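In case you want the letters, here they are:
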Amino acid sequence: MRDDDEVELFGRAHEHSLLLEMLERARLSSGSTLVLRGDAGIGKSALLRLAGEQARERGMSVLAVTAVPTETRLPYTGVDQLLGSLLSSGPAAWRSRWEAALGRAGEPDSPAESYQLARAALTGVTTSAGPGRVLIVDDAQWLDQESWDILAFVGRRLADDKVCLLLGMRDGEESASRLSGAGLPEHRLEPLSAEAALALLRTVAPELTPALTQRVLREAAGNPLGLFELGFAAGQMGAGDLTVQDLPLTERLERTYALTISRLPMVTRSLILIAALDDAVDLGEVLTVAHGLHGQNVTAEDLAPAVTAGLLVADKEMVRFRHPLIRWSVARSASAPVRLATHAAIAAVLDGQEARQVWHLAAATVDTDAGVADRLARLAERADQAGSSGSAQRAWERSAQLSPDGPTRARRLLRAAHAGLNFSQFAKVRNTLESIDEDQLEPVERTELEWLRQNSIGFHWPYDQALALLTGLAVELQAQGRTELALHGLATVSAVCWWADLGRPVREQIVRVVEEMGLPESDPRFISVIAMVSPIEHGRVSLDRIRRMLLAPSPDVVAAQYLGTAASAIGDLRSSLAFLRTGIASIRRQGLLALLPQLLGSQALVAALLGDVHLTLTSAEEVHRTALETNQPTWQIEGRLLVAFAQALSGDDSSALATADEIERQMLAFGARLMVCQVALVRGVAHLAAGRPAAALDELSTLFDPADLHYHEFARLWAVPHLAEAAALSGGYDRLRAVTAECEPIAAKAGWPVLEASLAYASALLAPDDEADAAFVAALPRISADFPFERARLQLAYGAWLRRHHRVTDSRGQLRAAQQVFQALGTEPWAERARKELRASGEHPRRTPSAARTLTPQELQIAQLAASGLTNPEIAEQLFLAASTVSTHLHRVYAKLGVTGRKQLAPVLSGS
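Residues numbered from 1 in each chain as written. Predicted model: local features only at pLDDT ≥ 70, side-chain atom pairs only at ≥ 80, totals over all residues. Heavy atoms only, no water.

A. Broad picture of the overall build of the protein chain. The helix and strand tally for the protein chain stands at 47 helices and seven strands. The C-alpha radius of gyration computed for the protein chain amounts to 32 Å, which stays within 12% of the reference 29 Å derived for 912 residues, consistent with globular compactness. Each principal axis of the C-alpha distribution contributes one length, and for the protein chain these read about 105 × 65 × 55 Å. Here the protein chain, with 912 residues, has 58% of them falling under the buried criterion. When contacts within the protein chain are restricted to residue pairs at least 6 apart in sequence, long-range pairs at least 24 apart make up 68% of them. A total accessible area of about 35500 Å² is found for the protein chain, and carbon and sulfur atoms account for 53% of it. In the protein chain, 90 positive and 109 negative side-chain charges are present, and the distance between their average locations comes to 4 Å. (Helix = DSSP H or I, 4+ residues; strand = E, 2+ residues; numbered from the N terminus. Rg over C-alpha atoms; globule rule 2.2 N^0.38 Å. Buried < 20%, exposed > 50% of the residue type's maximum accessible area, 1.4 Å probe, protein only. Contact = heavy atoms within 4.5 Å. Areas by Shrake-Rupley, 256 points an atom, 1.4 Å probe, with all protein chains shown as cover. Lys, Arg positive; Asp, Glu negative; His and termini not counted. Charge placed at Lys NZ, Arg CZ, Asp CG, Glu CD.)

What follows is the structure, given as structure tokens:
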């Protein structure tokens, strides 16, 4: 019988070459990640073992682990087994955080723990990698969620390091769910060709008759492990021991293994069952458990029959199953009483390892057990505190199942639902809520149950009914003393209200409810709800509250997000940027990656409204990238749309229009009025930048038609200056007059700074020719330095008017100022118009090539941070990258900009 690794590699020359190429690239500081997918037995494990062996032959360090089903409920276990030695030998901050995450010491320090650990893991694996490092994870579908998140985080960031990450994943729902949106390269292993399958079978079992050969080939269906096991069984035992033909191959293999297991001595069967159910590979631990079950006479020699049967490999320190499917088969072939007793025996030797011990006790418990349930509840609380919502959900659910007390069980299921909602597991949340006995809940808890039920359904068009119901539930929660939950819910409702542009009745109801809560006016959530829901009627009072908050101590992340979005909703764009920058800086320090797309998305939108192409592009690109990582589809789309906004402003109209059209098709069906409105805005700006003002006017006019799908009562006001310019350039003054007549009373009531600046610009463009000079002069002080793009547009229009009226000398000052601002902002089409006007005035302005335009968004972001004085490790920490990746990007930046060091970056970038 041939070694199974060699056998399973039959017909895998292409995959073998692919892995060798990855190893060589990693040795040359060009790391990579690959997920090998396929059915059980298709050859993933053999390829991964071979990659590890050949990496060692090349002098590379290899860290490998095989995940097991029992580990899925233990946070960070997979990463601990793979990278624990690296993390525990790192800086003291790493060690303490790592020990706390694993429950060995202290308490979790923040909900950001997972991404803080991910950053530590990235630094650990990319630092001092020597001639190269290879990380191998087999059966990655069984990794605990926290470990999967960390390894996916690391895997997306290895392009510039001497590190290679290889993962094997069995096809199935769990793998598909994890890989969806993970951004990791995949390669699926297909069944062997007929020729390769026959060659393999002849190697494994050359003595088979033609009839048996054809039967094994047919049943194995090109699966190498199936050919190996079924061929060996047929050769040794004949056709009678081949399993039922109408079963799936995996189940037939399990039955084959079960037959082999049943012929082992009793003690050997017990030993391999301990190894299968335990979540460690330590031989000493396996034997200690066996001593508790069978006495001290059990030794490692008792494993010999299983080794001889080809089920596992063992040495003096560890025991490893020859294939993950064998471990699964061992566990499934044992009777329920034997499995329960084995779990209990494992738990008995795990004093000091709370999480592992409690979960084995839970697995050993059939009926309710208050003690185990309480210990699981403590684990769930800890997971909640650490932000490990997936682990918390599983622990709360199992704790509820084991709770003998009905009310306690129901409350723990409520906690499981909360955790699932945080983890976006809406289907699981709905199932959990269905299992709750409402009669066991107090009135306030029943309201909470209904609140969770509505949130788990999600927000779907039309929204009015759902939001009205949720607002009513918030009233009940407030009356029952659950103010925090009620206010949190109203903040969510107000955001949906803004995005969906809901009607006045729902908005008035929300305002009435939040005002009756008696909250202090300085509460960021109160300010946000009022501003988002009623930005016109309460615009001036909200503006006053927000300006006062600028003078208060720096807000925390959540408060900064509330205040930043509230300020943008009422057109106070500079205040919005100030709050958002505070929040983003705090997010980067704390590692709250899941919140980053939301704040960065708001920052990118505000920057686009201010005409700042560079900030829009770098923020929007990071929005899209981090939203992919954190599985936030809406922000992925918003990130792409905001990139298109930056492209429109910079003159790349074809890319902007293509993206806008694609996103519009996606969003129309969901009633996402804000994004649909943004689509029309992007298209209008793209036409305007490309010199098609009539098309721009037509597009932007749709935003002011209540019957049009692009209409949004509040967001349309962002389009006023673009529509004004399009109207002036195309002669569409009547449309502009109609829009300004509609907007002026709104501005008077709301006091939006952005709208007031926009109307100042529009009023100058609408002035009769004999009054234009005075109108331009009057408009200039009405547009503050907070709105440089609008002021520069006004100066461009004024300079052009002066030149046409033969006041050439006067025109040049306005045109020069406008050209400099446009170039600094990156709005190249407007800068070129200013240069054209200057040339017509007799000047010959030099077109300074924009340094920033030669850089990718991430290169520009890194260059700006380096120019501000940050070191490579500091930049890496801010952007969730490896320091080596930052170094590689900076060298590319130097080459593109023609500089030799970071001290030269600031003057080059400031001139761009």
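Back to the write-up after that little detour.
B. Region of interest: the packing of helix 25 (residues 483-500) against helix 35 (residues 673-689). In contact at an axis separation of 5 Å, helix 25 and helix 35 are set at 35° when each is read in the N-to-C sense. From helix 25, Trp498, Trp499 and Ala500 reach across to helix 35, where they touch Arg673, Leu674 and Met675. Tallied by class, residues from the contact of helix 25 with helix 35 come to five nonpolar, no polar and one charged. (Axes fitted to C-alpha atoms, helices over the stretch in contact; angles between N-to-C directions. Nonpolar A, V, L, I, M, F, W, Y, C, P; charged D, E, K, R; others polar.)

C. Quick peek at the packing of aromatic side chains. Scanning the entire structure with this criterion turns up nine aromatic pairs. Between Phe776 and Trp801, the aromatic rings sit 6.5 Å apart at their centres with planes inclined by 50°, giving tilted as the arrangement. On the criterion of sequence distance, the pair formed by Phe776 in helix 40 (residues 772-779) and Trp801 in helix 41 (residues 788-804) is long-range, its members being 25 residues apart. Its relative accessible area of 4% is what places Phe776 among the buried residues. For Trp801, a relative accessible area of 9% gives the class buried. Summarising the aromatic geometry, the rings of Phe789 and Phe822 are spaced 5.8 Å apart at their centres and angled 80° between planes, so their arrangement reads as edge-to-face. (Phe/Tyr/Trp six-rings, centres within 6.5 Å; stacked < 30°, edge-to-face > 60°.)

D. Unusual backbone geometry, seen in detail. Unusually for a residue other than glycine, Tyr76 sits at a positive phi of about 70°. For Tyr76, the location among the structural elements is in the loop between strand 2 (61-66) and helix 4 (77-88). With relative accessibility at 1%, the residue Tyr76 sits in the buried group.

E. Spotlight on the state of the cysteines. This model, assessed by the stated rule, comprises zero disulfides. In this model Cys677 remains outside any disulfide bridge; the closest cysteine sulfur is found in Cys743, 12 Å from its own. Assessed through its relative accessible area of 2%, Cys677 is described here as buried. (Disulfide = S-S within 2.5 Å.)

F. Spotlight on the sheet that holds strand 2. If you walk across this open sheet you meet the five strands as 2-3-4-1-5, and the pairing is parallel. The outermost strands of the open sheet, each flanked by one partner alone, are strand 2 and strand 5 (186-188). On average, each strand axis in the sheet is tilted by 15° relative to the strand beside it, whichever way the strands run. With seven bridges connecting them, strand 1 (residues 32-38) and strand 4 (residues 163-170) associate as parallel partners. Pairing of Gly38 across the sheet is with Arg170, part of strand 4. Set on the sheet, helix 4 makes contact with strand 2 and strand 3 (133-138); between it and strand 2 the angle comes to about 155°. (Pairing = 2+ DSSP bridges.)

Geometric descriptors of this kind do not, in isolation, establish any biological role.
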